[in-house]
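Architecture and fold: a report
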Amino acid sequence: MAVTIAPEDPASAVAQGLLDAYFADRAITFVGGQYRPKPADPATLRAPDGAFLVAWSGDEAVGCGALRRLGPSRFEVKHLYVAPVGRGQGTGAALLAALEARAAELGATEVVLDTNSALEVANRLYTTRGYASVPAYNDNPNATTWFLKPLG
């Protein structure tokens, strides 16, 4: 399955449908108490302070990911999600690479993200793509692991 990655308005029906699926999936797989959805404000996911990208297989949206600015040169990867139909085919890695490229275009010298240790595939994706574990940079109650990757 070849995917195309394209920008999408984070408030669109496509984006919201993917985010709904993401939060439902996270609630099912969450370890460490009760999952509390923390959707990012769509306004923070638009240029010049963010981005929202969708992975498409033909005319089917199979994944998404977002960026939001945390500082002048630091962006956070948010809501990286691949639908079951798109998993195991490099879709997550393609989305992550596209988000990193977009962050660099927006002036980032580093990207950070938080995740939960129960998301083994996601944690493996991040570590194999150059992300290093760092101390918590936020107070997200759903996160157990925080990562950073220098860009450039």
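Quantities reported herein were computed from a predicted structural model and do not represent experimental measurements.

1. Quick notes on the packing of aromatic side chains
By the definition in use, this model includes four aromatic pairs. Seen in terms of ring centroids, Y22 and F23 are 5.0 Å apart; in terms of plane orientation they differ by 70 degrees. Their pairing is edge-to-face. Here Y22 falls in the buried class, since its relative accessible area comes to 13%. Judged by relative accessible area, F23 falls into the buried class, the value being 12%. Three or more aromatic residues joined by ring pairs form one cluster here, namely Y22, F23 and Y81. Sitting over the face of the ring of Y137, R74 holds its NZ or CZ atom 5.9 Å from the ring centroid.

2. Overview of the sheet that holds strand β3 (residues 60-71)
Reading across from one edge, β1-β2-β3-β4-β5-β7-β6 is the order of the seven strands in this open sheet, with mixed pairing throughout. The open sheet is flanked by β1 (4-7) and β6 (132-134), the only strands paired with a single partner. Averaged over all pairs of adjacent strands, the angle between strand axes in this sheet comes to 30 degrees, irrespective of strand direction. Pairing geometry for β6 and strand β7 (residues 145-150), over three bridges, is antiparallel. Bridging across to β7, A132 finds its partner in L148. Each of β1, β2 (50-57), β3, β4 (74-82), β5 (110-115) and β7 is contacted by helix α2 (residues 91-105), which is oriented at about 155 degrees to β4, the strand it contacts most. Its contacts with the sheet put helix α3 (residues 120-128) on β4, β5 and β7, and the angle it makes with β7 is roughly 25 degrees.

Conventions and cut-offs
- Residue numbers run consecutively from 1 along every chain, following the written order of its sequence.
- Selection of residues for local features in this predicted model requires a pLDDT of at least 70, selection of side-chain atom pairs for listing and counting requires 80 or more, and totals for whole chains, interfaces and linings are taken over all residues.
- Where side-chain values are given, they derive from all heavy atoms of the structure, hydrogens and water being excluded.
- Put simply, two rings from Phe, Tyr or Trp (the six-membered ring, in Trp's case) pair if the centres are within 6.5 Å, and we call them stacked under 30 degrees between planes, edge-to-face over 60, tilted for the rest.
- Type-normalised accessible area, obtained with a 1.4 Å probe on protein chains alone, sets the label of each residue: buried when under 20%, exposed when over 50%, and partly exposed for intermediate values.
- When the NZ atom of lysine or the CZ atom of arginine is within 6 Å of a ring's centre and also within 35 degrees of its normal, the charge is said to sit over that ring.
- Whether two strands pair comes down to DSSP finding at least two bridges between them.
- Secondary structure follows DSSP: runs of H or I at least 4 residues long count as helices, runs of E at least 2 residues long count as strands, and numbering of each begins at the N terminus.
- Helix axes use the C-alpha atoms of the stretch in contact, all axes being lines fitted to C-alpha atoms, and the angles between their N-to-C directions lie in the range 0 to 180 degrees.
- Any two residues whose heavy atoms approach within 4.5 Å are treated as being in contact.

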